[in-house]
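Commentary on secondary and tertiary structure
Below are the chains, spelled out letter by letter.
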Amino acid sequence: AQSVTQLDSQVPVFEEAPVELRCNYSSSVSVYLFWYVQYPNQGLQLLLKYLSGSTLVKGINGFEAEFNKSQTSFHLRKPSVHISDTAEYFCAVSDFQGAQKLVFGQGTRLTINP
Amino acid sequence: DAGVTQSPTHLIKTRGQHVTLRCSPISGHKSVSWYQQVLGQGPQFIFQYYEKEERGRGNFPDRFSARQFPNYSSELNVNALLLGDSALYLCASSLDGGRADTQYFGPGTRLTVL
């Protein structure tokens, strides 16, 4: 079975500082990896996904992530954050056992301080 | 284009009651999945439906059931509600339900069981 571990439950940073949200996965098959963002009282919005090819994936709102197979990691980064980036971020792996199923991590709450 | 829509937005029920949640996918999407998100945790997979057939089921009791209609909208039903069923229920749609296919999430239905 596949699983995802988000290593930080909360990450506080100052505005315009860089940020990295860490994600490790466990999988016995080839992986498809996703990062979603959830703003307060809203559903999930896709930030980016890795299916194959280049290990550096660029997403929306200036976010990017790097797939590292040897480290089984898929960390999310942004060089300069804004107050509007305050949200919950979820890493997920696509599990395919007859169904399209996302297995999510516990989430990382990103708080941007002015 | 309209995104995934869910109704109702909020719902309050008492233990033992039954609830029906509704979801309309993005136009052209044939797959609908349901997730349960308990406060402070990542979403957990409940069901996937594709072309009106159940493709997969997560680790949830038989009190949970769902169906998909010819117009690809979907209902999630929960019988004999327990306090632990209080959660945000998310619906996601995708084009063909494949493992690499992006799932687009609705805003969710917040269910409170008293």
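The structure under discussion appears in the preceding block.
Please read these numbers as outputs of a predicted model, since none were measured by experiment.

Conventions used here
- Residues numbered from 1 in each chain as written.
- Chains lettered and ligands numbered in written order.
- Predicted model: local features only at pLDDT ≥ 70, side-chain atom pairs only at ≥ 80, totals over all residues.
- Heavy atoms only, no water.
- Contact = heavy atoms within 4.5 Å.
- Salt bridge = Lys/Arg side-chain N within 4 Å of Asp/Glu carboxyl O.
- Polar contact = N/O pair within 3.5 Å; in protein donor to acceptor, adjacent residues only side chain to side chain.
- Helix = DSSP H or I, 4+ residues; strand = E, 2+ residues; numbered from the N terminus.
- Nonpolar A, V, L, I, M, F, W, Y, C, P; charged D, E, K, R; others polar.
- 1 Å grid on protein atoms, 1.4 Å probe; cavity = no way out; pocket = protein on both sides within 12 Å on 5 of 7 lines; lining within 4 Å.
- Points joined across faces, edges and corners; volume = space filled by probe spheres on them.

To continue, consider the interface of chain B and chain A. In this assembly, 25 residues from chain B lie in contact with 26 residues from chain A. Seen at the junction of chain B and chain A, the total is 0 salt bridges. Inspection of the region where chain B meets chain A yields 9 residue pairs in polar contact (both at pLDDT 80 or more). At the level of elements, strand E4 (31-37), strand E5 (44-50), strand E6 (53-57) and strand E9 (87-94) of chain B are the ones that each hand at least two residues to the side of chain B that touches chain A. Looking at which element gives the most residues to the side of chain B that touches chain A, the answer is E4(B), with 4 residues. Its residues placed into classes, the side of chain B that touches chain A shows 8 nonpolar, 14 polar and 3 charged.

Counted as a void, the largest pocket has a volume near 300 Å³. Together, 17 residues line the largest pocket, and A:Gln38, A:Arg109, B:Gln37, B:Leu39 and B:Arg110 are the ones closest to its centre. When residues in the lining of the largest pocket are grouped by element, the largest group, 3 residues, is from strand E10 (residues 87-96) of chain A. A per-class count over the lining of the largest pocket returns 7 nonpolar, 7 polar and 3 charged. Counted as a void, the second largest pocket has a volume near 170 Å³. A:Lys101, A:Leu102, A:Val103, A:Phe104, B:Pro43, B:Gln44, B:Phe45, B:Gly58, B:Asn59 and B:Phe60 together form the lining of the second largest pocket. Each residue belonging to the lining of the second largest pocket can be placed in one class, and the counts come to 6 nonpolar, 3 polar and 1 charged.

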